[in-house]
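Tertiary structure, described
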Amino acid sequence: MHSDDVGRTPVARAARGSRSTALAVLATLAAMTLVSACGGAGHEGGRGVGAAGGSAPTRTAGTDATRIPGAGDEPRRRSPGVGNELARRIPGVGDGLRRRIPADSRQVVAVYGDGADSAKATVVLYTKRGSGWDRTRGWAAHNGKKGWTTDHHEGDGRSPVGVFTLSDAGGVLANPGSRLPYTRSAAFAAPRSWARSHWHDFDYVIAIDYNRVKGTPPSDPTRPEGRARGGGIWLHMDHGSGTSACVSLSENAMEFLLRTLDPDRHPVVVMGDRVGLKVQGRHGR
């Protein structure tokens, strides 16, 4: 008998045991998801992702902060031609993908991959003002180590081209003031068997709503379209090279996005290589 159970009634001991079981199940589910995180094959060369031990996950509602700290790598600048509708569209995004941006969305994270087979990218946050989009901030980034695809499958090493909502966040570190619901858990931690440069990949993550259930922690393992379609694709912290399918950015960039993306503005990510974005993602990878 656990020392804390001394003097408890059988019912109280049973309740305590049920809570312990529930926490163990949560930790197991988180570990299962991290095994397939960032596209299903783990990071770099198929190394599996393991879950670290620690306290149970804590999920907090998004903050309602009105002041946004100016963290980031580039200053905000407005798009040219304020009176010109074409000039105020999101640059480099073709009509097909642009029409898939929800009408009520007022924040777009655009990921511009350098090429169909390149792991390098640029991420730009756009904010809708009136009928047009203004550039807010931009950062260097990485995507899948093999590039991009319009038909993503688990383990292919490519990031999916498309438009996806952004609804949930989390990580190893304490909530930095996220407006999105944030789940803190040690289970996000990358295993120490990985290269040291990867240890902090999941200190902050924002789930990309590809083959997942919105409104659940990023670590939720549910795959509505089946596991073969991959999943666990996130925005997360960068380790200096390509990922298995995620998009990775600097710590400053992740903090800025967490504090800026607002559920009331219905944020989405529009992602793909530069050619794929323009031709509506029909380059056939």
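In every chain, residue numbers begin from 1 and rise along the written sequence. Thresholds applied to this predicted model are a pLDDT of at least 70 for local features of residues and 80 or more for the giving and counting of side-chain atom pairs; totals over whole chains, interfaces and linings are not thresholded and use all residues. Only hydrogens and water are removed before side-chain values are computed, so all heavy atoms of the structure are retained for them.

**Regarding empty space enclosed by the protein**
- Whether a set of points on the 1 Å grid over the protein atoms alone is a cavity depends on a 1.4 Å probe fitting there but being unable to get out, while an open set qualifies as a pocket with protein on both sides within 12 Å along at least five of seven lines; lining residues are those with an atom within 4 Å of a point. Grid points are joined across faces, edges and corners, and a volume is the space filled by probe spheres set on the points. On inspection of all chains with the given rule, the structure shows one cavity of 30 Å³ or more.
- Its boundaries defined by the atoms lining it, the largest cavity holds a volume of some 40 Å³.
- Forming the walls of the largest cavity are Ala-207, Ile-208, Tyr-210, Arg-212, Pro-218, Asp-220, Arg-223, Gly-232, Ile-233 and Trp-234.
- Here the lining of the largest cavity is composed, by residue class, of six nonpolar, one polar and three charged. Ten residues, namely Ala, Val, Leu, Ile, Met, Phe, Trp, Tyr, Cys and Pro, are considered nonpolar, four, namely Asp, Glu, Lys and Arg, are considered charged, and the remaining ones, Gly among them, are considered polar.

**A look at the nonpolar core**
- The definition of a nonpolar core used throughout is a set of buried Ala, Val, Leu, Ile, Met, Phe, Trp, Tyr and Cys residues joined through side-chain atoms within 4.5 Å. Only protein chains enter the accessibility calculation, which uses a 1.4 Å probe. A residue is then buried if its area is under 20% of the maximum for its type, exposed if over 50%, and partly exposed in between. Grouped together as the largest cluster of nonpolar side chains are 46 residues, with contacts concentrated most on Ile-206, Ile-208, Leu-235, Leu-249 and Leu-257.
- Formed by nine residues, the second largest nonpolar core is a distinct cluster that contains Trp-199, Phe-202, Val-205 and Cys-246.

**Structural notes on the side chain of Arg-179**
- Secondary structure is summarised from DSSP: a helix means a run of H or I of at least four residues, a strand means a run of E of at least two, and numbering begins at the N terminus for each. Here Arg-179 is to be found in the loop between β7 (162-171) and β8 (182-184).
- Definition of a polar contact: a pair of N or O atoms within 3.5 Å, with one able to donate and the other able to accept a hydrogen when the atoms are protein atoms, and with sequence-neighbouring residues admitted only if both atoms are side-chain atoms. In terms of polar contacts, Arg-179 uses its side chain to reach the backbone carbonyl oxygen of Arg-259, at 3.4 Å.
- A polar atom in the side chain of Arg-179 sits 3.1 Å from the side chain of Asp-262.

**Things to note about the pairing of strand β3 (residues 120-129)**
- Paired strands are those between which DSSP finds at least two bridges. By the bridge criterion, seven bridges tie strand β2 (residues 107-113) to β3 in an arrangement that is antiparallel. In the strand pairing of β3, Val-108 is matched with Tyr-126.
- Once β2 ends, the chain turns through six residues before running back antiparallel as β3.
- Counted between consecutive antiparallel strands, the loop separating β3 from strand β4 (residues 132-142) contains two residues, among which Gly-130 sits at a positive phi close to 70 degrees.

So yeah, pure geometry; function would need other evidence.
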